[in-house]
Structure formats: structure tokens, C-alpha cells
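Architecture at a glance
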Amino acid sequence: MSTAINAAAPEREAVIDLDAFRHNVRTLADLAKPAETMLAVKADAYGHGMLPLARAALEAGAGSLAVLDIPAALALREAGITAPIFAWMHDPDALFGEAAEADIDLGISAEWQLDAIAASAASVAPRVHLKVDTGLSRNGATEEDWPGLVTAALAHERTGAVKVHAAWSHLADASPADDAVALAKLHRAIEVAEGLGARFELMHLAASSAGIRMPEARLGLVRFGIAAYGISPFDDQSARDLGLRPVMTLQAPVVSTKRVPEGHGVSYGLTYRTAAETTLALVPLGYADGIPRIASGTGEVWINGRRYPIAGRIAMDQFVVDVGDDEVAPGDLVVVFGEGDRGEPTAEEWASFADTIGDEIVARVGPRVTRVYRGER
Ligand SMILES: *Cc1c(COP(=O)(O)O)cnc(C)c1O
């Protein structure tokens, strides 16, 4: 026997609790003081939705916003956000002129970026944050290239093309000792730059991890990201331990149930066999929605106050849950992850189901999932 509801499309929802987010931003901003708080809303605010989260961050005391690139920064400006916005990843075709006109702060890692800003002949000189690579080996000038980058920035400042505002870097979060070495490298690079005549109004290094645990790395500003979304950057402390609240709840209704006998195979490859006669519930979320396929066999979800294991392989659009003899019917709410206060898994737990980090769990929630906001002002 099989039943199905006749809804036009199942309501796959990521419910975003803006009150929880504002609580987290306030908590982190208080912790970081007197350093300022910049809130990272890159990658569509880690999958939560850039604009509502950007607004909520500013309401809760963030002084500025961080996005990856200029198009995201321009989208925030077009939406009416006037706070400082920082963008740091640019390719040679980046819209430096538009960024300057829109008063976007630019992270600068190479001389060609300064030349491109100057060539754009914008009417406003953008503030530049010069980045030194202190060990992560991504963006940022190497120790060898740093004096050249600083000298070029000062030359462009004299012609009015840029304003040299900050020196910064990003940590590898490998160990406290590695991070201490990186901090010392940043201080050394600043000395070198000052020797060349630079005067920085601001220095910044820390993201969530060092912003919470490494006070000496807070400097003038902390760029908080994941912690503000209620996911711990640490293995040995949960967000709850840190006084932070998970912001996203991922949920969908059961779309059908069926009674099957013992030994019944479930989903592609029939990797799961029912241990006894049981009820199977079908959930309309799959790896196209960000449910990691590798969590087939480890993942758990919450239905009607109880947790159940995912049965068999997670597919592109759906997965199956073995609910035993419990009463579960089409339309019942399935919570994949949430705040955890009802007993549902958190995104942190899903990270352990899938052998990844909570950042990836929330950032991968796909475009078929409707973002629903609670606590909007
Ligand atoms: C993503 C990012 C952040 C925020 O990092 P979290 O670990 O999420 O707090 C800060 N700065 C830079 C350069 C980043 O790429």
C-alpha cells in the first residue's frame, strides 16, 4: 500500500533564523571588542542568502561586510547597503572602476591589480588593503614580493589612484603555533612596509577561529564568518558550547510512505535491506539539494520528535527513511538539521556524518531549497 500527497511541489525549505544570527553577531562582536567586527557574507552568506544576512549583521553590530569578489559587493550596494564592503578576489577582468565608484574596499595581492585600478581612471580612489601571504599560500604577496607591492601602492597613492588603508592576511588554522608564526610574519611585514613609508590605519588577520581563541590576533578588526552562522570552527567545542545558535534549519515534508516486508532492498544499489517488516518514508531532498551522498548509511533525520537513519543511498532528488512501526504520514515534517534543541541533528553533526565541516553542509544547500526568513525587521 502506498500513499502520496498532491502538492504541486514539495516545500523544501531552509528556515533562516535571523534572531539567532543577530544573537551570534552580537556575541562575537562583544567578544572581539575593541576590535571591530566585519561579517563575511561570501558564498551567498554561506548558503543562507546574502542580502537578508548582510542587513541583519549590520543591525546586530557588525561594522562592515566581507564578500569574495566585486560583483557581490556591487549587488550589496545596489540593494542600498552603505556600510563598508570588502572584496579580495579579482581576476584581470575585474570591474575595478565600478568598485571604486561604489566605494568598495579592495583586498590587493599583486601589483597588476593596482595598475588595473589606476587604468580604470575612476573618479574615486578606492581604499586598498594590502595582503601579505603569512603561510596559507593562497592570495597575498610573498615575503619577497611584499616590498614591491607596498612601493607600488604608495606610488599609486601619490597619483591619487588608491588610498592605502590596511595591511592584512588570513590564517591557516593549522595549530596555535602555526598561527602565532603567521601573526609574527604579519607584524614583520608591517614593519617592512612602514620602513618604506606606508602608514596603515588598520591591520587584520583573524577569522572566526582566531577571533574567538587568539585575542592577540584580533588587531583592529576580526572577519567573522562561520561562527556567526552558528557553526563552531573547532572540533573540540560545539556552537552551543560557545554560546552560539545554529541559524539554518533544513526541512521538507514526507512525500510518501509504504509498508514493506523484511529483507526489502532500498534505493540505488539496494545497499540497505529492511531488518523486519517496516514503514519507509520518502523525503524529497537529495544531493542536488546539498545532502551529501557520502552520508548514505551514516546520516540521520528527525521526524515527529524522533531520529531515524537514512536507509540506503541518498539520490539526486530524494532519500528514504526507515521509520519502523512508528506513525509517519505524507506531510509530516522531516528536519535534516536545525538548532538541535528538539533533538534534531545540527549541521555540525551532519559534518561528522559526511566527514566534512559544517561550513560545507550549509554552503552546499542548493537552489531548489526555498530560503524562508524568520525574525525579519
Ligand atoms: C571566509 C573568510 C573569512 C571568514 O572565515 P570563517 O572561518 O568562516 O570565520 C574571513 N576572511 C577571509 C579572507 C575568508 O576567506
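Residues numbered from 1 in each chain as written. Predicted model: local features only at pLDDT ≥ 70, side-chain atom pairs only at ≥ 80, totals over all residues. Heavy atoms only, no water.

Each assigned domain of the protein is listed here: domain 1 (34-229) and domain 2 (248-374). Each of domain 1 and domain 2 has a C-alpha centre, and the two are 39 Å apart. Contact with domain 1, which involves seven residues of that partner, is made by six residues of domain 2. In total, about 590 Å² of surface goes out of reach between domain 1 and domain 2, with carbon and sulfur atoms giving 62% of it. Taken together, the connections running from domain 1 to domain 2 amount to zero salt bridges. Our count for the contact surface shared by domain 1 and domain 2 stands at two residue pairs in polar contact (both at pLDDT 80 or more). Its residues placed into classes, the side of domain 1 that touches domain 2 shows four nonpolar, three polar and no charged. (Domains from an automatic or database assignment. Contact = heavy atoms within 4.5 Å. Buried area = accessible area lost by both parts, 1.4 Å probe. Salt bridge = Lys/Arg side-chain N within 4 Å of Asp/Glu carboxyl O. Polar contact = N/O pair within 3.5 Å; in protein donor to acceptor, adjacent residues only side chain to side chain. Nonpolar A, V, L, I, M, F, W, Y, C, P; charged D, E, K, R; others polar.)

Take the UniProt feature "binding site: substrate" (unreviewed entry) in the protein next. Per the UniProt record, the feature "binding site: substrate" (unreviewed entry) sits at R138 and M316. With the annotated positions falling across 179 residues, the maximum pairwise C-alpha distance of 32.7 Å shows that they are not confined to a single cluster. Lining of the largest pocket among the annotated residues: R138. As for its placement among the helices and strands, R138 is situated in the loop between β7 (127-131) and α7 (146-158). Apart from the residues lying within four places of it in its own chain, the contact partners of R138 are D133 and H170. Positionally, M316 belongs in the loop between β17 (306-311) and β18 (319-324). Ignoring anything within four residues of it in the chain, the contact list for M316 reads G286, Y287, A288, D289 and R368. (UniProt positions renumbered as here; feature names shortened; annotations may be inferred. 1 Å grid on protein atoms, 1.4 Å probe; cavity = no way out; pocket = protein on both sides within 12 Å on 5 of 7 lines; lining within 4 Å. Helix = DSSP H or I, 4+ residues; strand = E, 2+ residues; numbered from the N terminus.)

Around the ligand sit K42, Y46, W88, R138, W168, H170, A207, S208, R223, F224, G225 and I226, and those are all the residues in its vicinity. Take Y46: an N or O atom from its side chain is 2.6 Å from an oxygen atom of the ligand. R223 places a polar side-chain atom, nitrogen or oxygen, 2.8 Å from a nitrogen atom of the ligand. When the free accessible area of the ligand is taken as 390 Å², the share hidden by the protein chains comes to 90%. Elements with a minimum of two residues in the shell around the ligand: α2 (42-46) and β10 (221-224). (Near = heavy atom within 4 Å. Areas by Shrake-Rupley, 256 points an atom, 1.4 Å probe, with all protein chains shown as cover.)

Once that is clear, we can look at the packing of aromatic side chains. Tallied over the full model, the rule gives six aromatic pairs. Summarising the aromatic geometry, the rings of F86 and W168 are spaced 4.9 Å apart at their centres and angled 80° between planes, so their arrangement reads as edge-to-face. With a gap of 82 residues between them, F86 in strand β5 (residues 85-87) and W168 in strand β8 (residues 163-168) connect regions that are remote in the sequence. Comparing F86 with W168 shows no difference in burial state: the two are buried. Taking 6.2 Å as the distance between ring centres and 65° as the angle between the ring planes, the aromatic pair formed by W88 and W168 counts as edge-to-face. Residue W88 is located in the loop between β5 and α5 (96-101), and its partner W168 is located in strand β8; the two are separated by 80 residues in the primary sequence. Note on W88: relative accessible area 13%, which makes it buried. Cluster of aromatic residues (ring-pair linked, three or more members): F21, Y46 and Y229. The cationic tip of R213 hangs over the ring face of F234; the distance from NZ or CZ to the ring centre is 3.5 Å. (Phe/Tyr/Trp six-rings, centres within 6.5 Å; stacked < 30°, edge-to-face > 60°. Buried < 20%, exposed > 50% of the residue type's maximum accessible area, 1.4 Å probe, protein only. Lys NZ or Arg CZ within 6 Å of the ring centre and 35° of its normal.)

Our next topic: unusual backbone geometry. Glycine aside, negative phi is the norm for most residues, and most peptide bonds take the trans geometry. Here K33 and P34 are connected by a cis peptide whose omega angle stands at 5°. Along the chain, P34 falls in the loop between α1 (18-32) and β3 (36-40). The backbone of A121 sits at a positive phi, close to 50°, despite the residue not being glycine. Locating A121 in the fold gives a position in the loop between α6 (111-119) and β7. Relative accessible area serves as the criterion here: at 63%, A121 is assigned to the exposed category. Even without being a glycine, N304 presents a positive backbone phi close to 50°. Structurally, N304 is set in the loop between β16 (300-303) and β17.

This part takes up the side chain of S109. One can find S109 in the loop between β6 (105-108) and α6. Not counting chain neighbours up to four residues away, the residues in contact with S109 comprise K131, N139, G140, A141 and L149.

Okay, the nonpolar core next. F21, L39, L130, W146, F319, F337 and W350 are the most contacted members of the largest nonpolar core, which has 120 residues in total. Mapped onto the domain boundaries, this core takes at least three residues apiece from domain 1 (34-229) and domain 2 (248-374). Setting aside its immediate chain neighbours within four residues, W350 contacts I291, P292, A295, G299, E300, V301, I310, V336, F337, P345 and I361. Formed by five residues, the second largest nonpolar core is a distinct cluster that contains V260, V266, L280 and A311. (Core = buried A, V, L, I, M, F, W, Y, C linked by side-chain atoms within 4.5 Å.)

To continue, consider the pattern of salt bridges. Opposite charge on two side chains permits them to pair, given that their charged atoms come into close proximity. Going through the model one piece at a time under the given rule, you end up with 19 salt bridges. Between D30 and K33 there is a salt bridge, and its shortest N-O distance comes to 3.2 Å. For D236, the salt bridge is made with R213, and the minimal N-O distance between the two is 2.8 Å. With D236 in the loop between β10 and β11 (248-253) and R213 in helix α9 (residues 208-213), this residue pair connects regions lying 23 residues apart in the sequence.

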